[in-house]
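Okay, here's what each chain looks like letter by letter:
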Amino acid sequence: MSSGVGVNPQCLEAYQELKLGKKSKYIIFTLSKDNTEIVVEKKGSLTSTYDDFLADLPEQECRWAVYDFDFEKDDGGKRSKITFYSWSPDDSKVKQKMLFASSKDALRRSLVGIAAEIQGTDFSEVAHESVLDKVSRGN
C-alpha cells in the first residue's frame with residue numbers, strides 16, 4: 001500500500017553525494033510537516049561515528065535513514081555497504097507508524113544501490129553488532 005507521499009529531489013541528491021561522492025556518512029529522512037513528501041532531516045559528516053548516527057534517531061518518532069556501514073572481514077579485507085534503515089520505535093504514535101510504513105517504498109525504490117535493509121523498533125535492533133551481523137553475511 002502506498003500513501004501517495006512524494007520524495008523530495010534533495011533526498012536523491014543527498015543519497016548520490018553519500019554513495020558516489022562519499023561526502024557524508026549517513027542521511028536521516030523524515031516526512032515534511034504537512035506529510036506530503038519525504039525530506040532530508042540531517043546529514044552526518046564523514047567523521048561521524050555510528051554512535052552519532054544512533055543519537056540522531058529519535059526515541060519516539062519514526063524515521064528512515066541510510067548509513068554507509070564500514071566493516072572488516074575475517075581475512076582483514078575492508079568492506080562498505082550502504083544500509084537502509086526503517087526506524088519505527090515501539091513508543092511512536094500508531095498513525096505515524098502507519099504513514100511511515102506506507103511511504104517507505106517510495107523512498108526505498110528511489111535509492112538505487114542499497115546493499116542491506118534494517119528494520120528497527122528499538123535500539124537493540126540497530127545496535128552496531130546486530131547490523132554488522134546482518135551486513136557481513138554472505139560476503
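Residues numbered from 1 in each chain as written. Predicted model: local features only at pLDDT ≥ 70, side-chain atom pairs only at ≥ 80, totals over all residues. Heavy atoms only, no water.

Participant: When you look at the environment of Glu 41 in this model, what are you seeing that I'm missing?
Facilitator: The residue Glu 41 is located in strand 3 (residues 37-44) in this model. Classification of Glu 41 by relative accessible area gives partly exposed; the value is 38%. Expressed as a C-alpha distance, the spacing of Glu 41 and Cys 11, which sit 30 residues apart in the sequence, is 9.4 Å. If sequence neighbours within four positions are ignored, Glu 41 has contacts with Ile 28, Phe 29, Thr 30 and Arg 63. (Helix = DSSP H or I, 4+ residues; strand = E, 2+ residues; numbered from the N terminus. Buried < 20%, exposed > 50% of the residue type's maximum accessible area, 1.4 Å probe, protein only. Contact = heavy atoms within 4.5 Å.)

Participant: Please clarify how the side chain of Lys 25 should be interpreted in this entry.
Facilitator: Of note, Lys 25 is situated in the loop between helix 1 (9-21) and strand 2 (26-31). There is a polar contact of 2.8 Å between the side chain of Lys 25 and the backbone oxygen of Asp 68. Separated by 2.5 Å, the side chains of Lys 25 and Asp 70 make a polar contact. Discounting chain neighbours no more than four positions away, the residues touching Lys 25 are Leu 18, Gly 44, Ser 45, Leu 46, Ser 48, Val 66, Tyr 67, Asp 68 and Asp 70. (Polar contact = N/O pair within 3.5 Å; in protein donor to acceptor, adjacent residues only side chain to side chain.)

Participant: Before we go on, may I ask you to explain the pairing of strand 5 (residues 78-87) in this structure?
Facilitator: The side chains of a regular strand alternate, first on one face of the sheet and then on the other. Counting buried residues along strand 5, seven of its ten residues qualify, which places the element largely inside the surrounding structure. Where strand 4 (residues 63-72) lies against strand 5, ten bridges are found, and the strand directions are antiparallel. Note that in strand 5 the partner of Asp 68 across the bridge is Ile 82. Here strand 4 folds back onto strand 5 in antiparallel fashion, the turn holding five residues, of which Gly 76 has a positive phi close to 95°. Of the pairings in the sheet, the one linking strand 5 to strand 6 (residues 116-120) comprises five bridges and is parallel in character. Residue Tyr 85 lies in a different strand from strand 6, and its bridge partner there is Ile 118. In this region the chain leaves strand 5, passes through helix 3 (residues 94-110) and returns to the parallel neighbour strand 6; the handedness of that crossover is right-handed. (Pairing = 2+ DSSP bridges. Right-handed = clockwise from strand over helix to strand, strands pointing away.)

Participant: Is there a simple way to explain a negative patch on the surface in this structure?
Facilitator: A grouping of Glu 59, Asp 90, Asp 91, Asp 122 and Glu 125 is seen on the molecular surface, where their side chains present a negatively charged patch. Relative to the assigned elements, Asp 90 resides in the loop between strand 5 and helix 3. (Patch = residues over 30% accessible without salt bridge, like charges linked within 9 Å, V, L, I, M, F, W, Y side chains within 5 Å. Areas by Shrake-Rupley, 256 points an atom, 1.4 Å probe, with all protein chains shown as cover. Salt bridge = Lys/Arg side-chain N within 4 Å of Asp/Glu carboxyl O. Lys, Arg positive; Asp, Glu negative; His and termini not counted. Charge placed at Lys NZ, Arg CZ, Asp CG, Glu CD.)

Participant: Teacher, can you tell me more about the pattern of salt bridges here?
Facilitator: Opposite charge on two side chains makes pairing possible when the charged atoms of those side chains draw close. What the rule picks out here adds up to ten salt bridges. The shortest N-O distance in the salt bridge between Glu 41 and Arg 63 comes to 2.9 Å. Taken as a pair, Glu 41 in strand 3 and Arg 63 in strand 4 lie far apart in primary sequence, 22 residues in all. Judged by relative accessible area, Arg 63 falls into the buried class, the value being 7%. Between Arg 63 and Glu 61 there is a salt bridge; the shortest N-O distance is 3.0 Å. By relative accessible area, Glu 61 is classed as partly exposed at 36%. Ionic contacts of the salt-bridge type, sharing partners, join the residues Glu 41, Glu 61 and Arg 63 into one network.

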